[in-house]
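# Architecture at a glance
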Amino acid sequence: MNQIITPKQNIHATITVPGDKSISHRSIMFGALAKGITEIEGFLMGQDCLSTISCFQKLGITIEQNNNKIFVHGKGLYGLTKPNEILDVGNSGTTLRLISGILSAQPFSCHLTGDSSIQKRPMNRIAIPLRKMGAILKGNDDENLFAPFTIEGKKLKGITYTLPVASAQVKSAILLAGLFAEGETVVIETEATRDHTEIMLRYMGADIQKIGNEIHCKTATELYAQKISVPADISSAAYFIVMACICKNSEILLKNVGINETRTGIIDALQSMGGNITIENEKIVNGEKIGDIRAKYSAFHGTTIGGADIPRLIDEIPVIAVAGCFAEGTTIIKDAQELKVKESNRIKTIITELKKFGADITETEDGMIIQGGNILKGCVTQSYQDHRIAMSMAVAGTAALGETTITGAECANISFPNFYDIISSI
Ligand code: S3P
């Protein structure tokens, strides 16, 4: 699908973006393992989360939708059944990596696959620790695992494992396997990553403690179903935060956004660029901090983003790069080599596409350098079927001169089904 984006200014809007993708995935997965019915409000009906639903349905879990709520009929820790078909995660890395932790401990084997992008994403990062715990993961090249692959579940044993890459998906896969393992499982993080798994599993009754940078997980006897209210996704709010900051005379209020500190790197980064962004009405829901984010047209200046901030804004780097194009001076993004193994090689795709608008942006080994101040001009840009590239280019288009056409724009559905409707309505 081609999507046309026209320039905007004087935006005054209050927006509620869809539910958090990370929390929505986890609510289905952990709900399936819990005893009782998990009732989920605000669930993200994006393609990735629908892939998670479909995989758990194939594993014997009844999942229904009623009155905008999702009901997961959990069957307890040992209630999953062997699927008759291959489990297809579509484009969703979170589904594949987290489900692998669970399947490693089941008394059956299953086959997993996904789309052409998922088949290029590294799975050694989960295979190495899960094999240490006793699971068997087999693909075309066992030394270098990629989907499609097979998991033979085994009786697992707990391990102590230092994450070689800052990845919440890897951490979560190990902790999920740890629920079933004999003895304690300890994950050591050198850089903090999103902690939704720890928060939700604890909320459902698991014994998971954080001691310094170590996460200790005890063998679980039972998880208990809960009511879960999914906050709006800060990664989706990010597009409108940047849009408000770069479109003249604009102000956008984003309601009920998840502002867990492991996710708010985008706010800190934009504020360090001079962004006029404030948070109001903070509260805690299901152990997760939420609040309203107000963003106003801002005079951005360049900044440097790297180190421990990267995991706190990893999915927002494409739209931060757009912000950098509208900043005075130089914006440096470093230590972001993980971008190369996302839904597309985002270092390359961001740079290639922003250059089409006329941006001055240079590739580095672990990120990019953006010289702000070039006037961006509308162009024909492509998505690479990467949802975050499509939506970031749409944001660039709202502040560029003239019309922008995004080809392959439909991939926004992965995480934000009504994205273009909201853009047209403001
Ligand atoms: C996610 C973790 C991040 C993020 C992804 C969702 C999660 O990936 O990029 O969109 O829900 O745990 P990594 O943990 O691999 O960096």
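Overview of the structure. None of these values were measured; they are calculated from a predicted model. (Residues numbered from 1 in each chain as written. Predicted model: local features only at pLDDT ≥ 70, side-chain atom pairs only at ≥ 80, totals over all residues. Heavy atoms only, no water.)

Another point: the nonpolar core. Residues Phe 240, Leu 254, Leu 354 and Phe 419 are the most contacted members of the largest nonpolar core, which totals 74 residues. Discounting chain neighbours no more than four positions away, the residues touching Leu 354 are Ala 321, Val 322, Cys 325, Ala 359, Ile 361, Met 393 and Ala 396. Of all hydrophobic cores here, the second largest spans 70 residues; its members include Leu 59, Ile 126, Leu 130 and Met 204. (Core = buried A, V, L, I, M, F, W, Y, C linked by side-chain atoms within 4.5 Å. Buried < 20%, exposed > 50% of the residue type's maximum accessible area, 1.4 Å probe, protein only. Contact = heavy atoms within 4.5 Å.)

What follows covers the site of the ligand. Around the ligand, the structure places 13 residues, and the nearest of them are Ser 22, Arg 26, Ala 168, Asp 315 and Lys 342. At 3.0 Å, a backbone N or O of Gln 169 approaches an oxygen atom of the ligand. For the ligand, the protein covers 95% of the area, taking 380 Å² as the surface of the free molecule. Of all the secondary-structure elements, those providing two or more residues to the shell around the ligand are helix H1 (21-33), helix H3 (93-103) and helix H5 (168-180). Per element, the largest residue contribution to the shell around the ligand is 3 residues, and it comes from H1. Among the residues forming the shell around the ligand, the class breakdown is 3 nonpolar, 4 polar and 6 charged. (Near = heavy atom within 4 Å. Polar contact = N/O pair within 3.5 Å; in protein donor to acceptor, adjacent residues only side chain to side chain. Areas by Shrake-Rupley, 256 points an atom, 1.4 Å probe, with all protein chains shown as cover. Helix = DSSP H or I, 4+ residues; strand = E, 2+ residues; numbered from the N terminus. Nonpolar A, V, L, I, M, F, W, Y, C, P; charged D, E, K, R; others polar.)

So, on to the pairing of strand S15 (residues 251-258). Taken together, the 4 bridges between strand S2 (residues 12-15) and S15 define a ladder with parallel strand orientation. When the bridges of S15 are listed, Ile 15 appears paired with Leu 254. (Pairing = 2+ DSSP bridges.)

Residues Thr 185 and Val 187 line one face of strand S11 (residues 185-188) and the alternating positions Val 186 and Ile 188 line the opposite face, and both faces are buried. Note: strand S10 (residues 160-162) against S11, 3 bridges, orientation parallel. The partner of Thr 162 across the bridge, within S11, is Ile 188. Of the crossover connections in this fold, the one passing from S10 over H5 to the parallel S11 is right-handed. The pairing of S11 with strand S13 (residues 214-217) spans 4 bridges and is classified as antiparallel. Paired with Val 187 across the strands is Ile 215, a residue of S13. (Right-handed = clockwise from strand over helix to strand, strands pointing away.)

The strand order across the open sheet built from 4 strands is S2-S15-S17-S16, with neighbouring strands paired in mixed fashion. Both edges of this open sheet fall to S2 and strand S16 (276-285), since each of them pairs with a single strand only. Here the average twist between neighbouring strands, direction ignored, is 10°. Sheet topology places S15 next to strand S17 (residues 288-296); 6 bridges connect them, and they run antiparallel. Residue pairing for S17: Ile 252 is matched across the bridge by Ala 295. Relative to S15, helix H7 (residues 234-246) is tilted by about 165°, and along the sheet it contacts S2, S15, S16 and S17. (Axes fitted to C-alpha atoms, helices over the stretch in contact; angles between N-to-C directions.)

Mapping Thr 381 onto the fold places it in strand S22 (residues 380-382). When residues no more than four places from it in sequence are discounted, the contact partners of Thr 381 are Glu 353, Phe 357, Met 393, Thr 404, Thr 405, Ile 406 and Thr 407. For Thr 381, the side chain forms a polar contact with the side chain of Glu 353, separated by 2.8 Å.

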